[in-house]
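# Fold and geometry: a report
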Amino acid sequence: MQTITSTRNPAVQAAKALQTKRGREEAGLFLCEGEHMVAEAIANQPQGIAAVFIDQAQAERFQPMLATVDSTICYAVPAHVLSAVSQVKTPQGIAATVRLPKSATLDDLGDKLILLEDVQDPGNVGTILRTADAAGFSGSILTQGCADPFSPKTLRATMGSIFRLPVARVEGAAEAVNVLKNKQYAILAAVLDGENFYARVALPQRLCIIIGNEGAGIRPETAQLATHRFRLPMRGGAESLNAAIAAAILMYDVINRGE
């Protein structure tokens with residue numbers, strides 16, 4: 001394990017650059033922070049670890065976790081250097097730079113999919129990906145208008161699910177929907193004027209749920225392509241649900257009914 005003491009070190013500067021989308025795209029890397037996320041990266045993408053930064057005061061604590069990582073890419077750093085790399089107020093003692101995975105293709109995603117159209121809040125995107133993983137969905141599709149799934153805020157919200165749930169990036173939702181319909185997927189659009197979701201007849205095994213932008217919802221041209229348009233009944237005074245909450249309800253009910 002090498003020691004770095006300056007925030008001007010090239011390895012530190014390269015890691016700091018990953019705080020922006022441009023920096024991530026140029027380097028082909030993203031930044032994982034915290035013990036849980038770094039452990040997920042090592043377990044699920046061991047060949048993708050580019051560098052690991054450890055608070056030198058906690059180096060012994062992390063040794064077992066790093067047993068499978070090449071020691072030449074591990075750096076012991078003082079707390080102020082780790083803080084320079086980190087985007088959280090209180091770093092958890094460890095961070096890693098990881099190679100960006102290639103975007104999955106629509107052929108790679110399996111039978112149960114969630115499609116996010118222009119969902120812009122990083123917390124919502126990360127939470128939906130985490131929930132899709134937990135519910136047993138097989139893949140996700142994000143339009144270019146969505147929050148970057150590899151931004152620090154999104155990654156923290158996924159709690160490691162980003163390493164298990166395949167993510168396909170597409171220019172627009174309509175393009176993906178047309179491909180999926182040709183593959184005999186049922187396309188479920190979550191819209192305010194749709195039919196009662198709980199009154200539905202049994203759905204096909206291959207399906208894709210679309211969740212739209214937090215303010216505007218699903219684009220009209222995308223909703224028109226859906227094979228099913230559903231709403232969640234609002235029995236109280238609220239007009240709608242948070243995008244991540246709505247996605248969670250829809251995904252879990254589909255899975256629990258065995259569809």
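Here's what I pulled together on the structure shown here. Model, not experiment: these values are computed from the prediction.

### Some thoughts on the packing of helix 6 (residues 122-135) against helix 10 (residues 243-256)
When two helices pack together, their arrangement is captured by the angle between the axes and the distance separating the axes. Look at helix 6 against helix 10: their axes get within 9 Å of each other, and the N-to-C directions meet at 10°. Accordingly, the angle class assigned to the pair helix 6 and helix 10 is roughly parallel. Residue-level inspection shows Asn 124, Thr 127, Ile 128, Thr 131, Ala 132, Ala 134 and Ala 135 of helix 6 in contact with helix 10, the latter providing Ala 243, Ala 244, Ala 247, Ala 248, Met 251, Tyr 252 and Ile 255. Across the contact of helix 6 with helix 10, the residue classes break down as eleven nonpolar, three polar and no charged.

### Regarding the nonpolar core
Core analysis: the largest hydrophobic core is formed by 53 residues, its most contacted members being Ile 114, Ile 209 and Ile 211. Ranked by the residues each element gives to this core, the list is headed by helix 10, at seven residues. In this structure, Ile 114 is in contact with Ile 128, Ala 132, Phe 137, Gly 139, Ser 140, Ile 141, Ile 209, Ile 211, Ala 247 and Met 251, ignoring residues within four places of it in sequence. Leu 109, Ala 173, Ala 176 and Ala 223 belong to the second largest nonpolar core, which has 21 residues in total.

### A closer look at the sheet that holds strand 1 (residues 2-3)
With mixed pairing, five strands are arranged side by side in an open sheet as 1-4-3-5-2. This sheet does not close on itself; its edge strands, each paired only once, are strand 1 and strand 2 (29-33). Relative to strand 5 (residues 94-99), strand 2 runs antiparallel, the two being bridged by five bridges. Along strand 5, the bridge assignment pairs Leu 31 with Thr 97.

### As for the packing of aromatic side chains
Following the criterion strictly, the structure yields five aromatic pairs and no others. Ring plane angle 25° and centroid distance 5.4 Å describe the contact between Phe 53 and Tyr 75, whose orientation is recorded as stacked. In this pair, Phe 53 sits in strand 3 (residues 49-55) while Tyr 75 sits in strand 4 (residues 74-77), placing the two residues 22 residues apart along the sequence. Residues Phe 53 and Tyr 75 agree in their burial class; the two are buried. Grouped by ring-pair contacts, the aromatic residues Phe 30, Phe 150 and Phe 163 constitute a single cluster. Positioned above the aromatic ring of Phe 197 is the side chain of Arg 200, whose terminal nitrogen or guanidinium carbon lies 3.9 Å from the ring centre.

### Concerning the pattern of salt bridges
Inspection of the entire model under this criterion finds twelve salt bridges. Note that Lys 183 and Asp 107 form a salt bridge whose closest N and O atoms lie 2.6 Å from each other. Of this pair, Lys 183 sits in the loop between helix 8 (173-182) and strand 9 (186-196) while Asp 107 sits in the loop between strand 5 and strand 6 (112-116), and the two are 76 residues apart along the sequence. Look at Lys 183 and you get partly exposed, because its relative accessible area is 27%.

### Concerning the sheet that holds strand 10 (residues 207-211)
Note on sheets: strands pair through backbone hydrogen bonds, and any given pair is parallel or antiparallel. Across the sheet, six strands lie side by side as 8-7-6-10-9-11; this open sheet has parallel pairing. Each having just a single partner strand, strand 8 (167-170) and strand 11 (228-231) make up the two edges of the open sheet. Adjacent strand axes in the sheet meet at a mean angle of 30°, parallel and antiparallel pairs treated alike. In the sheet, strand 6 pairs with strand 10 via five bridges, with the strands oriented parallel. Note on strand 10: the bridge partner recorded for Lys 112 is Leu 207.

### Some thoughts on the environment of Gly 172
Tracing the backbone through its elements, the reader meets Gly 172 in the loop between strand 8 and helix 8. When its relative accessible area of 24% is taken as the criterion, Gly 172 is described as partly exposed. The spatial distance from the C-alpha of Gly 172 to the C-alpha of Ala 41 is 29 Å, given a sequence separation of 131 residues.

Rules of the game
- Residues numbered from 1 in each chain as written.
- Predicted model: local features only at pLDDT ≥ 70, side-chain atom pairs only at ≥ 80, totals over all residues.
- Heavy atoms only, no water.
- Axes fitted to C-alpha atoms, helices over the stretch in contact; angles between N-to-C directions.
- Helix = DSSP H or I, 4+ residues; strand = E, 2+ residues; numbered from the N terminus.
- Parallel < 35°, antiparallel > 145°, perpendicular 65-115°, else oblique.
- Contact = heavy atoms within 4.5 Å.
- Nonpolar A, V, L, I, M, F, W, Y, C, P; charged D, E, K, R; others polar.
- Core = buried A, V, L, I, M, F, W, Y, C linked by side-chain atoms within 4.5 Å.
- Buried < 20%, exposed > 50% of the residue type's maximum accessible area, 1.4 Å probe, protein only.
- Pairing = 2+ DSSP bridges.
- Phe/Tyr/Trp six-rings, centres within 6.5 Å; stacked < 30°, edge-to-face > 60°.
- Lys NZ or Arg CZ within 6 Å of the ring centre and 35° of its normal.
- Salt bridge = Lys/Arg side-chain N within 4 Å of Asp/Glu carboxyl O.

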